[in-house]
Each structure stands twice: as C-alpha cells, then as structure tokens.
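Coordinate inspection notes
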Amino acid sequence: SQKIEQNSEALNIQEGKTATLTCNYTNYSPAYLQWYRQDPGRGPVFLLLIRENEKEKRKERLKVTFDTTLKQSLFHITASQPADSATYLCSHQGNQGGKLIFGQGTELSVKP
Amino acid sequence: GAVVSQHPSRVICKSGTSVKIECRSLDFQATTMFWYRQFPKKSLMLMATSNEGSKATYEQGVEKDKFLINHASLTLSTLTVTSAHPEDSSFYICSARGDQTSLGNQPQHFGDGTRLSIL
C-alpha cells in the first residue's frame, strides 16, 4: 500500500536555527507532495506544494525539496522562531479518487 | 487566499443526539470536499469524499448511515453525525478543493475543525 512517513518524534530546536523535517514515501511515486502546518485545535494550513519535476520550492523562510531517487521530501524552516512551533504534515494525493494521504506529522518546538 | 469556514467549532451534546457540521468555501467553488476525523496526537483520517451533486464516497470502515454527508452546492457540504454516542467524540475537519488545473493538482484548504463531545 502507499505509505508516507514522517519522523513521529518531536523536534526541538533553538530559535534562529534551521529546522529540517523529513517525509519519506514507499510503494509509489507521487506526482507532487504538499506540506501543511497544524496548530493545536485548528485545521491544517496549506504551506507549499512541490511537483516531482521540481527539485526545490521556496516561500519566504520555508524551503521544500523533492528527491525522487531517495523517495524523500525535506521541509526546512530557516531562522526559526518560537511562532513556528506547530505540527507539520506531509501529504500526497493518492491515485484513488484524488484523496490526500497524510503522514503522521512532526511536532516542532522552537525554544527562545 | 482560499478560505474554508467550518461551523460550529465546538459541540457538546447528549448521547443519542444528531449533530450537523457545516463546511463552506467562502471565496472559491469547491468541486470536491473531504471530511476527516482526527484523534489526539494522530494524523488526519479521511472519512469520505464528496463531489457536488453526487453521493459521497466513504472510506472503508466508515458507516455511511452514521455519518451522513450532503454536498448540495459548490460552496457547502454538511456532515451529520446521527444518534451520536461517546465513541463518536472527536475532532472533525473538512477540506475543500477547487477544480483540478491542467497540471492535475490543487491544494486542499481546511476548515478549523469541530470538536465534538458526546456525554
């Protein structure tokens, strides 16, 4: 079955450092991947979409890479701030009716 | 940006009550809407996919008679939890997506969720 996995352990980093979150997929080749941010008690907020023919995508302090050889996407937040603390979800659109399949999310905590 | 409004944000009611949750796309037409359920510290679990004007497609294990979905217009979908019981208590989130582009993909935009508590 199509699987998408994120490091379920929480990531704790110091303010100002770069946070790097990992998303790995197996048993399929997604045409694109999406990254979302979710705060406690809130719905996910769309951040970035990267297609398989795009090696890298940037938006302000965010950068996403897509390595189809490693079957992996990396999500970077540079110059991290305490306000970046949240759970980050990686997802792809499965080939069954266009539904999104989510990883379990990685909780990021940025300490001042 | 695309905005999805979900209402109510929180519901507390007695066992046996039916609860309706609304999901509206405010500034775009949502060809497809999705309903998710999320348990604490867990990822989103897709319950069903609905396309405007047609019956919803439910995921395996989701009771369609228990979770009624209506997608009557391009901006509104509703989820009704019928005869709710304590085990139905959860965080329910909807999302909406517009027409797929020629590139074949559009991001989904999510509502802020509904916290349902059945006593």
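Residues numbered from 1 in each chain as written. Chains lettered and ligands numbered in written order. Predicted model: local features only at pLDDT ≥ 70, side-chain atom pairs only at ≥ 80, totals over all residues. Heavy atoms only, no water.

Residues and elements named next belong to chain A. What the 5 strands build is an open sheet, ordered S1-S3-S8-S7-S6; its pairing is antiparallel. This sheet does not close on itself; its edge strands, each paired only once, are strand S1 (3-6) and strand S6 (56-59). In this sheet, neighbouring strand axes are inclined to one another by 15 degrees on average, regardless of whether the strands run parallel or antiparallel. (Pairing = 2+ DSSP bridges. Helix = DSSP H or I, 4+ residues; strand = E, 2+ residues; numbered from the N terminus. Axes fitted to C-alpha atoms, helices over the stretch in contact; angles between N-to-C directions.)

Quick look at the sheet that holds strand S7 (residues 67-73) of chain B now. All names here are of chain B. Judged by pairing direction, the sheet is antiparallel, and its 4 strands sit side by side in the order S1-S3-S8-S7 without closing on themselves. Since the sheet does not close on itself, it has two edges, and those belong to strand S1 (4-7) and S7, each with one partner. Adjacent strand axes in the sheet meet at a mean angle of 15 degrees, parallel and antiparallel pairs treated alike. Where strand S3 (residues 19-25) lies against strand S8 (residues 76-81), 6 bridges are found, and the strand directions are antiparallel. In the sheet register, Glu22 faces S8, and the bridge partner there is Thr78.

Here we come to the environment of Cys94 of chain B. All names here are of chain B. Position of Cys94 relative to the elements: it lies in strand S9 (residues 90-97). A relative accessible area of 0% means that Cys94 is categorised as buried. For the pair Cys94 and Thr49, spaced 45 residues apart in sequence, the C-alpha to C-alpha distance is 9.8 Å. Apart from residues lying up to four places away in sequence, Cys94 is in contact with Val4, Gln6, Cys23, Phe34, Trp35, His109, Phe110 and Gly111. (Buried < 20%, exposed > 50% of the residue type's maximum accessible area, 1.4 Å probe, protein only. Contact = heavy atoms within 4.5 Å.)

Here we come to the state of the cysteines. With the rule as written, the count across this model stands at 2 disulfides over all chains. One disulfide bridge connects Cys23 of chain A with Cys90 of chain A, the sulfur atoms lying 2.0 Å from each other. Judged by the torsion about the S-S bond (-65 degrees), the Cys23 of chain A/Cys90 of chain A disulfide is left-handed. Of the two residues, Cys23 of chain A is situated in strand S3 (residues 19-26) and Cys90 of chain A in strand S9 (residues 86-93); the sequence distance between them amounts to 67 residues. On the basis of relative accessibility, which here comes to 0%, the residue Cys23 of chain A falls in the buried class. Note on cysteine connectivity: Cys23 of chain B is disulfide-linked to Cys94 of chain B, with sulfurs 2.0 Å apart. For the disulfide bridge between Cys23 of chain B and Cys94 of chain B, the dihedral angle about the S-S bond is near 80 degrees, and by the sign convention the bridge is right-handed. Of this pair, Cys23 of chain B sits in strand S3 while Cys94 of chain B sits in strand S9, and the two are 71 residues apart along the sequence. Cys94 of chain B carries the same exposure label as Cys23 of chain B, and that label is buried. (Disulfide = S-S within 2.5 Å.)

In short, shape yes, function no, at least from these values alone.
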